[in-house]
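An overview of the molecular structure
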Amino acid sequence: MEIMAGPLSADLDCPCDLSPTGIRTYLSDQHQILAEAFENGVAVDHLLGARALIIDRLLQAMWSEAGLKNHSIGLFAVGGYGRGELHPFSDIDILILGEDDNIKTATGELTQFTTRLWDLNLEIGHSVRSFEDCEQSARGDITIATSLIECRPIDATDFMFSRLEAVAFDNNIWTSESFYKAKVAEQNERHAKHDDSDNRLEPDIKHAPGGLRDLHTIIWVTRRHFRTARLITLVDEGLLTRCEFKLLDEAEQFLKRVRFALHITTERAQNRLLFDTQAIVAKSMGFDSDDKKERIEFFMKRLYRMTLRLGEFNDMLLQNFEETVIEDPENTAVTPLNSRWQIKGQHLELIHENGFERHPSALLEAFVLLAQNSTLKGLRASTTRQMYTQRHLIDDAFRNDIVNISYFMELLRYPEKLPEILRRMRYYGILSRYIPEFGNIMGLMQHDLFHIYTVDAHTLQLIRNITRFYVGVVEHDYPLATRLTHQLPKIELLYLAALFHDIAKGRGGDHSELGAIDAYNFCKHHRLSEYDSRLVSWLVNNHLLMSMTAQRKDISDPDEIKAFAEIMGDERRLNYLLCLTVADITATNPELWSSWRAALLRQLYFETRDVLKRGLDQLPGRVAYIEEIKNDAVALIRPSMRSKATAFWAHWSQEYFVSHSSDELAWHLETLLDTPDDDNVLALSPEAANPDKGSTQVLIATPNRKNLFTDLTACFADLGLSVLDAKLYSSKNGRSIDIFMVQYDTTGTPVTDPLEQERLLQALEQAARGEYLESAGERRTPRTRKYFNLPANVRISSDLEGRRTLVELVAPDRTGLLTVVGRVFAEFGLDLATAKVATLGERVEDVFYITDNSGNNLYDDAFIDSLKGRLECEINILSGAKTNAES
C-alpha cells in the first residue's frame, strides 16, 4: 500500500543521530512540522502518510543499526500504520517475520531492536512470527487476519511480502463471505458497547457508531475482496455512485482531521472528544466564534452530522456488498407483498426503480411493512439508495395526505418494533422530513453533564425505554413504570409525548410550552380527538414536573401533595406522567437513576393517587391530619410508652408532624422517649440494612446549638456520604431532632455494612458534641465538574403557605457545599428546617426551607439581598467559579 505524504515528503528528514537523545529530537522536530502543516490546512491524508513515513525512516535506520539487514527476516507495518495512516500518538503496530531458524539466529539483534523501541517510549505493538504462525493465528483470530491484509513492508524482500500476502488472502483461511460476516458481527458487538448511539456528548470518534472504525470496516471488507484499500474502487464496482463517494470522502476527511487535532491537543492517543477539549479542537477545525459555547455547538453539530452520514454509508455499503457479492441471486427467494413491495431474502425491496416517484407514500409504507413483518432484517441496499435520493418528496402536500397520516399513526401501534423503526427513519432522513421540528434537534448538543446524548438521540432512547417497560424486560428494575405502561389505555399517546417532549429545545423560550403547542397541532393534524390531543400536549408541557416535585419539594407535606394532585387532575394523567418521567430520567443519563430517586417518585405517585381517589374536596385540614397521624403512630409503639407520647410531642411544631409518616413518628418515639433532653442520641432507621431503600436514614437528637448542621454535614462529607434530604426541628425546650437521608457519593448506595454503620455513628457522635475535626485535605473535584464551573445562583422567596422562606440554590456540584451553606445560615442567625438536595450532572439544585431564630418567615428585603449575596460569594469561592461580572 502506497503512503500518501504528498508535498510533505520533501520537508521530512531522515534520522542521522540514532542515540536516544538524537531520536527524541528527530521525532520532536518532525512532529512540529506536522503540527504546523495541520494549522496551514494541509490535507489530512498527507499528514497521516507523512507521520507513517517518519516512523518508516526511523525504524529502517534502527533495523539497519541493529544488524538485522544481515538476516533473512523482514519488518512489516500492520494495522493503521500498515495502511499508511498514522495519527500523531497512535499505536505503531509492526510484525517481524521470518522462518523459525532465522528468527532464532537473530534473537540477540531482535532483543536489542525491540528494547530500544521501548526505551524511547514509543507506543509500539510488535509481534514476532513465522509464516506458519501467521497462518495459524489468522485462522483462529479475525483481528490478526485483518491486520495481515493491511501489511506493508518497511524492510523486507518482495518474496517475503508476496508470501505474506498469500497467507493474508488465502480463501482456505477466510473467504470473502466468512470475513465479511465476522467483521459485521465484530461491528455489531462494538456498537452494542456504545448503546448503538452515535450521539453521546463526549463521543468516541473512532469506536462509536458512525466513527472511523465503521469506515475501517468498509475498507477491510473492500480490501479483502477487491485487493485494494481505495474506496474509489467501490464506484468502479457499482457499489457507490461518484456523488455518494464524494459525500463519504467528505465525512472521512472531517473525522480524520478531528482525530488528528485531538491528538495534537491532548498530546496522547485520545479518541474521546471530552468537554474540556471540544473548544480547542473546534477552533483547530476552523470554528472560530468568539462565543465559546456557540463555537462548540456548531462544531459538534457538524461532527454528529458527519458521523450520521458515515453510519448511513456503512449500513448501505455493507448491505450492498452482501447482496451483490455474497448472495447467490438464483437462490434468493422473492415474495411479492403488493404492487409496490416484495421481500427478497430477508429484506424489503421496492419493485420498481422509480417506485417512490410513482408512489411517494411508499416512503412511509416501507416502515409500516418492516413493523408488520418480524422476519425482515431491513431494506435492500438498492431501496435504501432510492430512499436517500427521493426523500425530498416529503413536503407539505405529503404531510397533509391522509394516507401518510394513517401510515405514521399505524407505526405507533407496534411498540415492540417502534424504537428500531424510528432509528431507521432518523438514519435515512425520513423522520426529520416528516416532522421538520425534529430536524432542528438533530445533533443538537445539550451542554451539561445531566444529559449524555444529543436531543434527538435522547428522544429515541426515551422511546426505547418505554418499549422496554411495555415488553416487560426491565420489570425488576422499574416495576411501577412497567405495570403502569401496560395499564395505559392508549400507548401511542405516551410515544407521541415522548417524541415531542424536547422538540422545542434550542429555539429560545420555554421548550416545554413551545413543544406542547407543536404536540397539540401535530395530534390534531393526525386526527386525534380533542381529549387525546390535549393529554399529549399536557404531558409535554409538564414532563419535568414530577421529577422536580419529587426532588425539590417537601413531598411529606400534605399541602405539597395536594398542590401536585390539583395539577394532575385525575389518575390517568398521573399514570401517563409517571411512565414518561421514569423513561425520561433513564434516557437522559442512566447513572441519574437510583433507588433513592425511585423511592421519591413512588412516594409522590402513591400519595398523589390516594388524594385523587379520596377526592380533593375530601382532604382533612392540617390540624385534623396531624391528629390522625399521631393516633396512627401511637398505635404502633409499645403500650407502656403510649401515655408519654403526648408530653413528648408538646414541644414540637406542626411542621414536624406533617413531614413524617406514622411509621417514622413511631420510630422517633421508641428511640427518644426515655432519654434525657441533654443527651446525644444517634440511631439508624430500622431499614438501614436494606440495600433496596437507596439511602440510609439517620436520626440525631441533641441539645440545639449554633453550627450543628455545619458540623454534621462536614462529617458526612469526610465519610464520602452525600446528603439527599435533611429535616431539622428545634423544640421549645432547646432540643434538636435532625433527620438525614444519606448515601455513598461514589456508588449511590446506602450504608448497609454493620462496621461502616458503627463508624458513621461514632463520627456523628463527635460532630454532635462539636468535637469533630473536619478533614483539612484538599477534596478532589472530577475533571468534568471542573469544566462546568458556573457561578452560583440563589433565589429566595416564601414557601407555598408563607410559613417559611424558600432558598433555591443552583451551583456547581462540590464536596462540602452543604457545610458552606450551613455556616452562612448560622452567621445570619437562621434556623434551617428542611433541605432537599438534587444532583443533576455537574450541578446541584438544592432547596432549603428556613426561618429566623423566632420561627418566622423573612420579610426584610435588605436582609434577604445580603443573604443571597453572601451565599453566592461563599459558594463561588468553594467551587472556584467566576461570577457573571468576572466572566
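An account of the accompanying structure is given in this report. Here the structure is a predicted model, which means the values were calculated and not measured. (Residues numbered from 1 in each chain as written. Predicted model: local features only at pLDDT ≥ 70, side-chain atom pairs only at ≥ 80, totals over all residues. Heavy atoms only, no water.)

Here's the deal with the sheet that holds strand β2 (residues 92–98)
Spatially, the 4 strands line up as an open sheet ordered β3-β2-β1-β4, and their pairing is mixed. The open sheet is flanked by β3 (124–129) and β4 (152–155), the only strands paired with a single partner. If you compare each strand with its neighbour and ignore which way they point, the axes differ by 30° on average. In the packing of helix α2 (residues 44–65) onto the sheet, the strands contacted are β1 (73–77), β2 and β4, and the crossing angle to β4 comes to about 45°. (Pairing = 2+ DSSP bridges. Helix = DSSP H or I, 4+ residues; strand = E, 2+ residues; numbered from the N terminus. Axes fitted to C-alpha atoms, helices over the stretch in contact; angles between N-to-C directions. Contact = heavy atoms within 4.5 Å.)

Concerning unusual backbone geometry
A positive phi angle is found at Arg-227, which is not glycine, with a value near 60°. Topologically, Arg-227 is positioned in the loop between α10 (212–226) and α11 (233–236). Despite not being glycine, Glu-267 shows a phi value in the positive range, around 55°. Within the secondary structure, Glu-267 is located in the loop between α12 (242–266) and α13 (275–284). A residue is classified by how much of its surface remains accessible, and Glu-267, at 60% relative accessible area, is exposed. (Buried < 20%, exposed > 50% of the residue type's maximum accessible area, 1.4 Å probe, protein only.)

With respect to the pattern of salt bridges
Scanning the model with the defined rule gives 49 salt bridges in all. Here Arg-190 makes a salt bridge to Asp-214, at a shortest N to O gap of 2.9 Å. Placement of the pair is Arg-190 in helix α9 (residues 176–193) and Asp-214 in helix α10, with a sequence separation of 24 residues. Each member of the pair, Arg-190 as well as Asp-214, carries the same accessibility label: buried. Among the ionic pairs, Glu-202 bridges to Arg-272, the shortest N-O distance being 3.0 Å. Placement of Glu-202 in the loop between α9 and α10 and of Arg-272 in the loop between α12 and α13 is noted, with a sequence separation of 70 residues between them. (Salt bridge = Lys/Arg side-chain N within 4 Å of Asp/Glu carboxyl O.)

Quick notes on helix α1 (residues 20–39)
Working note: α-helix, 3.6 residues per turn, so residues spaced by three or four point in the same direction. With 20 residues, α1 extends 29 Å from end C-alpha to end C-alpha; this agrees with the ideal 28 Å at 1.5 Å per step. Among the residues of α1, Gly-22, Ile-23, Tyr-26, Leu-27, Gln-30, Leu-34, Ala-35, Ala-37 and Phe-38 are the ones counted as buried. In this structure, the buried residues of α1 make contact with α2, α5 (107–119), α12 and α13. Gly-41, located one to two residues past α1, shows a positive phi value of around 85°. (Expected span 1.5 Å × (residues − 1).)

Description of the packing of helix α26 (residues 511–525) against helix α27 (residues 530–541)
Closest axis-to-axis distance for the α26/α27 pair is 8 Å, and the angle between their directions is 160°. By the criterion of interaxial angle, the relationship of α26 to α27 is roughly antiparallel. Taken as a pair, α26 and α27 cross one another with a handedness that is right-handed. Residues Ser-512, Glu-513, Gly-515, Ala-516, Ala-519, Tyr-520, Cys-523 and Lys-524 of α26 pack against Glu-530, Ser-533, Arg-534, Val-536, Ser-537, Val-540 and Asn-541 of α27. Among the residues making up the contact of α26 with α27, the classes are represented as 6 nonpolar, 5 polar and 4 charged. (Parallel < 35°, antiparallel > 145°, perpendicular 65-115°, else oblique. Left-handed = near helix turned anticlockwise from the far one by under 90°. Nonpolar A, V, L, I, M, F, W, Y, C, P; charged D, E, K, R; others polar.)

A few points about the side chain of Glu-323
The topology assignment puts Glu-323 in helix α14 (residues 292–326). Within the structure, Glu-323 has its side chain in polar contact with the side chain of Gln-319 (distance 2.6 Å). (Polar contact = N/O pair within 3.5 Å; in protein donor to acceptor, adjacent residues only side chain to side chain.)

So, the nonpolar core
Judged by nonpolar contacts, the single largest core of 189 residues is most densely connected at Tyr-81, Ile-94, Phe-113, Phe-299, Phe-408, Met-425 and Ile-435. For this core, the leading source of residues is α14, giving 14 residues. Setting aside its immediate chain neighbours within four residues, Met-425 contacts Leu-364, Phe-367, Phe-408, Leu-411, Ile-430 and Leu-431. Formed by 49 residues, the second largest nonpolar core is a distinct cluster that contains Leu-764, Ala-768, Leu-817 and Leu-832. (Core = buried A, V, L, I, M, F, W, Y, C linked by side-chain atoms within 4.5 Å.)

Concerning a negative patch on the surface
A cluster of acidic side chains, namely Asp-288, Asp-290, Asp-291 and Glu-294, defines a negative patch on the protein surface. Structurally, the position occupied by Asp-288 is in the loop between α13 and α14. (Patch = residues over 30% accessible without salt bridge, like charges linked within 9 Å, V, L, I, M, F, W, Y side chains within 5 Å. Areas by Shrake-Rupley, 256 points an atom, 1.4 Å probe, with all protein chains shown as cover. Lys, Arg positive; Asp, Glu negative; His and termini not counted. Charge placed at Lys NZ, Arg CZ, Asp CG, Glu CD.)

Some words on helix α25 (residues 491–500)
Of all 10 residues in α25, 10 are buried; the element is thus mostly enclosed. Turning to α25, its buried residues are Ile-491, Glu-492, Leu-493, Leu-494, Tyr-495, Leu-496, Ala-497, Ala-498, Leu-499 and Phe-500.

Topic: the pairing of strand β15 (residues 830–836)
Put simply, side chains in a regular strand alternate between the two faces of the sheet. Most of β15 sits inside the fold, with 6 of its 7 residues counted as buried. Two elements, strand β11 (residues 721–730) and β15, share 3 bridges in a ladder whose sense is antiparallel. Looking at the pairing, Lys-727 lines up with Thr-834 of β15. Two strands pair when backbone bridges link them, and β15 and strand β17 (residues 843–852) are joined in this way by 6 bridges, in the antiparallel orientation. If you follow Leu-832 over to β17, its bridge partner there is Ile-850.

Here's the deal with the packing of aromatic side chains
The final tally for this structure, using the stated rule, is 25 aromatic pairs. Relative to Phe-260, the ring of Phe-38 lies with its centre 5.4 Å away and its plane at 20°, an arrangement referred to as stacked. Highlighted residues: Phe-38 in helix α1 and Phe-260 in helix α12, separated in sequence by 222 residues. Judged by relative accessible area, Phe-38 falls into the buried class, the value being 6%. Here the basic side chain of Arg-152 rests over the ring of Tyr-81, its NZ or CZ set 5.2 Å away from the ring centre. Over the ring of Phe-131 we find Arg-163, and its NZ or CZ is 4.0 Å from the ring centre. (Phe/Tyr/Trp six-rings, centres within 6.5 Å; stacked < 30°, edge-to-face > 60°. Lys NZ or Arg CZ within 6 Å of the ring centre and 35° of its normal.)

Section: the environment of Gly-378
Positionally, Gly-378 belongs in strand β8 (residues 378–379). As for Gly-378 and Asp-678, which are separated by 300 residues in sequence, their C-alpha atoms are 74 Å apart. In contact with Gly-378, other than residues within four places in its own chain, are Gln-346, His-347, Leu-348, Leu-370 and Arg-424.

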